[in-house]
Amino acid sequence: MLKTNFENYPKGNRFIFLLKDFLGRGIFNSDNELWRIQRKVASFEFSTRSLRNFVIENVRLELQTRLIPLLSNASKTKKTINIQDVLERFAFDNVCKVAFNEDPACLEGDGTSGSEFMSAFEDAATLSAGRFMYIFPHVWIFKRFFNIGSEKRLRESIKIVHEFAENIIKTRLQDKGIKQEADLLSRFIAANDENAPNSLEFLRDIVISFILAGRDTTSTALTWFFWLLSSRPHIERNILQELKTIRNDSGKCIGETYELDEFRQMNYLHAAISEAMRLYPPVAVDTKACLADDMLPDGTFIGKGWFATYQAYAMGRMENIWGKDCNEFVPERWLENGIFQPENPFRFPIFHGGARMCLGKEMAYIQMKSIAASVIENFEINAVDKDTCPQHVLSLTLRMKDGLMVRVKERSMDV
Ligand code: HEM
């Protein structure tokens with residue numbers, strides 16, 4: 001029997017069958033014992049200061065050497081750019097560094113470097129997610145059996161992704177003991193457990209799961225955040241004021257990077273990003289597969305094999321959770337005396353709740369605050385169409401259908 005308490009809900013989620021070809025037995029997909037081991041290693045590593053510093057350092061490098069120059073150039077040439085695309089490439093470079101210390105350099109130069117791996121990854125994720133859209137699932141199963149159409153393309157892209165990851169892992173396994181790196185792959189190799197088979201496939205599936213988890217989530221959140229900010233200059237001013245106070249306290253100039261403790265002081269920015277995710281959750285809908293007949297806490301029967309879905313998008317707009325102004329963008333609702341107040345994950349399930357809670361939450365906030373602070377301090381980002389709500393794509397994350405076209409203007413004075 002499944003537990004009726006969601007906090008103890010065992011395994012199982014929508015990734016189990018439909019993304020299995022792509023993720024193998026990665027963390028989203030593994031059975032209970034394997035999942036427990038993966039989760040234990042990863043949650044320990046995510047809590048270490050060394051991994052957080054590694055993340056901060058990589059974000060800082062990508063900001064200074066790629067994102068800020070790219071935005072500067074857009075400002076000088078007065079060219080409009082698709083900020084969603086830019087943030088996605090940033091996130092992909094970044095998560096590959098964290099996952100296996102590899103830099104695909106998708107944001108570099110003309111944006112074509114590392115593109116084979118990134119576009120194969122993108123195709124594999126989109127085509128796997130596309131299996132959800134079939135009214136009759138037999139169709140994709142038939143295509144897979146005969147290796148035709150979208151299933152043929154899926155197989156080809158998975159092959160590219162797997163080969164790319166396996167080559168890196170093989171080299172790293174040979175280097176074991178010689179070179180200790182700070183990325184997750186090295187940490188999983190070092191934390192070898194006799195119950196966890198450290199096979200090539202095992203390590204590959206873990207790495208791919210992490211890239212999938214960290215890839216479009218932060219970029220989607222930030223794209224909606226910049227769109228919302230575009231038509232709310234008073235909120236942007238509040239963020240700038242908070243950053244100025246933190247800089248004054250630490251004697252920093254604009255352009256100098258923030259440390260972990262300074263990110264923790266960014267209460268207003270934290271609130272504004274959380275508020276953007278309340279209205280536009282990166283994982284807007286999440287489905288779990290039921291393993292055995294069960295009863296929900298309110299008495300609703302759920303049969304074995306049924307899917308149970310929660311809608312983070314709808315929950316973020318419910319008056320009985322958020323009050324009368326639930327459709328308004330109000331960062332202040334998260335603050336008490338200027339300090340950010342976290343919400344119960346079962347009311348704000350943006351990072352999921354209970355046993356399957358997102359492992360990258362802290363890391364995601366560090367990344368998002370780091371990018372938002374640098375971009376806002378240096379540039380004014382103006383959506384070309386700030387008054388029309390962009391259309392969504394039906395995919396794993398709530399991406400904007402046509403991206404977000406923005407004009408970039410260098411901020412001329414200290415605020
Ligand atoms: C704004 C950014 C993010 C959001 C909104 C988010 C959201 C979520 C959600 C909703 C889940 C549950 C999925 C499910 O079980 O169906 C999840 C799981 C997970 N996330 Fe995140 N995520 C974010 C960023 C990240 C990052 C940057 C990483 C690390 C690279 C990460 C790593 C994970 C992992 C490993 C799991 C699986 C945990 C498990 O099943 O035990 N996430 N995330």
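On a predicted model such as this, the values are computed, not experimentally measured, just so you know.

Asks: What is the right way to look at the overall build of the chain in this model?
Replies: Secondary structure summary: the chain contains 16 helices and nine strands in total. For the chain, the C-alpha radius of gyration of 21 Å lies close to 22 Å, the compact-globule estimate for 415 residues. If you line up the chain on its principal axes, its C-alpha atoms span 60 × 55 × 40 Å. The 415 residues of the chain split such that 38% are buried. In the chain, the proportion of contacts linking residues at least 24 apart, taken out of those at least 6 apart, comes to 72%.

Asks: Whenever I open this one, the site of the ligand confuses me. Can you help?
Replies: Around the ligand sit 23 residues in total, of which Ala 213, Gly 214, Thr 217, Cys 358 and Gly 360 are the nearest. Those elements giving two or more residues to the shell around the ligand turn out to be helix H10 (200-230) and helix H16 (361-378). Tallying contributions element by element places H10 first for the shell around the ligand, with six residues.

Asks: Quick question: what am I supposed to make of the UniProt feature "binding site: heme" (unreviewed entry) in the chain here?
Replies: The sites that carry the UniProt feature "binding site: heme" (unreviewed entry) are, in the present numbering, Cys 358. Tracing the chain through its elements places Cys 358 in the loop between strand S7 (339-340) and H16. Those residues within four positions of Cys 358 in sequence are excluded, and the remaining contacts are Phe 351 and His 352.

Asks: Where do I start with the nonpolar core in this structure?
Replies: Side chains of nonpolar character tend, in soluble globular proteins, to be buried together. With 100 residues, the main nonpolar core has Ala 99, Val 207, Phe 225 and Ala 372 as its most contacted residues. Not counting chain neighbours up to four residues away, the residues in contact with Ala 372 comprise Leu 222, Phe 225, Leu 269 and Ile 273.

Asks: Even after reading the chapter, I still don't get the pairing of strand S9 (residues 405-410), so can you show me in this structure?
Replies: As paired strands, strand S1 (residues 81-82) and S9 are joined by two bridges and run antiparallel to one another. Across the sheet, the residue bridging to Asn 82 is Met 405, located in S9. Examined bridge by bridge, strand S8 (residues 379-383) and S9 share five bridges and lie antiparallel to one another. Considered in S9, the bridge of Ile 381 is made with Val 408.

Asks: Explain unusual backbone geometry here, please?
Replies: The general pattern is negative phi for most residues beyond glycine and trans for most peptide bonds. Although it is not a glycine, Asn 147 sits at a positive phi angle of roughly 50°. By the secondary structure assignment, Asn 147 is in the loop between helix H7 (138-146) and helix H8 (149-175). What makes Asn 147 exposed here is the crowd of 11 C-beta atoms within 10 Å. Notably, His 352 is not glycine yet its phi reads approximately 70°, a positive angle. On the secondary structure map, His 352 appears in the loop between S7 and H16.

Asks: I would appreciate a short explanation of helix H13 (residues 267-279) in the present structure.
Replies: Along an α-helix, a turn takes 3.6 residues, which lines up residues three or four apart on a common side. In this model, H13 (13 residues) spans 19 Å end to end at C-alpha, consistent with the 18 Å of a helix rising 1.5 Å per residue. Here H13 lies mainly inside the structure; eleven of its 13 residues are buried. Within the sequence span of H13, burial applies to Tyr 268, Leu 269, His 270, Ala 271, Ala 272, Ile 273, Ser 274, Glu 275, Ala 276, Met 277 and Arg 278.

Asks: For this particular structure, what's the right way to read the sheet that holds S1?
Replies: Picture the strands of a sheet paired through backbone hydrogen bonds; they go either parallel or antiparallel. Ordered in space as S1-S9-S8, the three strands form an open sheet in which the pairing is antiparallel. Both edges of this open sheet fall to S1 and S8, since each of them pairs with a single strand only. Most of the contacts of H10 go to S8, to which it runs at about 90°, and overall it touches S8 and S9.

Asks: What exactly am I supposed to notice about helix H5 (residues 83-100) here?
Replies: The end-to-end C-alpha distance of H5 is 26 Å, a good match for the 26 Å that 18 residues give at a rise of 1.5 Å each. Within H5, 17 of the 18 residues are buried, which leaves it mostly tucked inside the rest of the structure. Trailing H5 by a residue or two, Asn 101 shows a phi angle of about 50°, which is positive.

Asks: Explanation requested: the confidence of the model for the chain in the structure shown.
Replies: Note that predicted coordinates carrying low pLDDT should not be read in detail. Averaged over every residue, the pLDDT of the chain is 87; residues scoring 70 or more account for 91%. Ranking the elements of the chain by mean pLDDT puts helix H1 (residues 15-18) last, at 67, and H13 first, at 98. Ignoring residues within four places in sequence, the model shows residues 1-12, a span with pLDDT below 50, making 32 contacts including any to other chains. Listed scores for the predicted complex are pTM 0.92 and ipTM 0.99.

Asks: Could you clarify how one ought to interpret the environment of Ile 160 in this entry?
Replies: Note on placement: Ile 160 falls in helix H8. For Ile 160, a count of 16 C-beta atoms within 10 Å puts it in the partly exposed group. For the pair formed by Ile 160 and Met 118, sequence separation is 42 residues and the distance between their alpha carbons is 9.9 Å. With residues up to four places along the chain from it excluded, the contact list for Ile 160 reads Glu 116, Phe 117 and Ala 120.

Asks: Quick question: what am I supposed to make of the packing of helix H4 (residues 49-77) against H16 here?
Replies: Two numbers describe a pair of packed helices, the interaxial angle and the distance between the axes. Contact geometry of H4 with H16 gives a least axis separation of 10 Å together with a crossing angle of 30°. Relative to H16, the element H4 lies roughly parallel. At the point where H4 passes H16, the crossing takes the right-handed sense. Along its contact with H4, which presents Arg 52, Val 55, Ile 56, Val 59, Leu 63, Ile 68 and Leu 71, the element H16 presents Met 363, Ile 366, Gln 367, Ser 370, Ile 371, Ser 374, Val 375 and Asn 378. Split into classes, the residues belonging to the contact of H4 with H16 amount to ten nonpolar, four polar and one charged.

The rules behind these values
Residues numbered from 1 in each chain as written. Predicted model: local features only at pLDDT ≥ 70, side-chain atom pairs only at ≥ 80, totals over all residues. Helix = DSSP H or I, 4+ residues; strand = E, 2+ residues; numbered from the N terminus. Rg over C-alpha atoms; globule rule 2.2 N^0.38 Å. Buried ≥ 20, exposed ≤ 12 C-beta atoms within 10 Å, placed from the backbone. Contact = placed C-beta atoms within 7 Å. Near = placed C-beta within 6 Å. UniProt positions renumbered as here; feature names shortened; annotations may be inferred. Core = buried A, V, L, I, M, F, W, Y, C linked by C-beta atoms within 7 Å. Pairing = 2+ DSSP bridges. Expected span 1.5 Å × (residues − 1). Axes fitted to C-alpha atoms, helices over the stretch in contact; angles between N-to-C directions. pLDDT = per-residue confidence, 0-100. Parallel < 35°, antiparallel > 145°, perpendicular 65-115°, else oblique. Left-handed = near helix turned anticlockwise from the far one by under 90°. Nonpolar A, V, L, I, M, F, W, Y, C, P; charged D, E, K, R; others polar.

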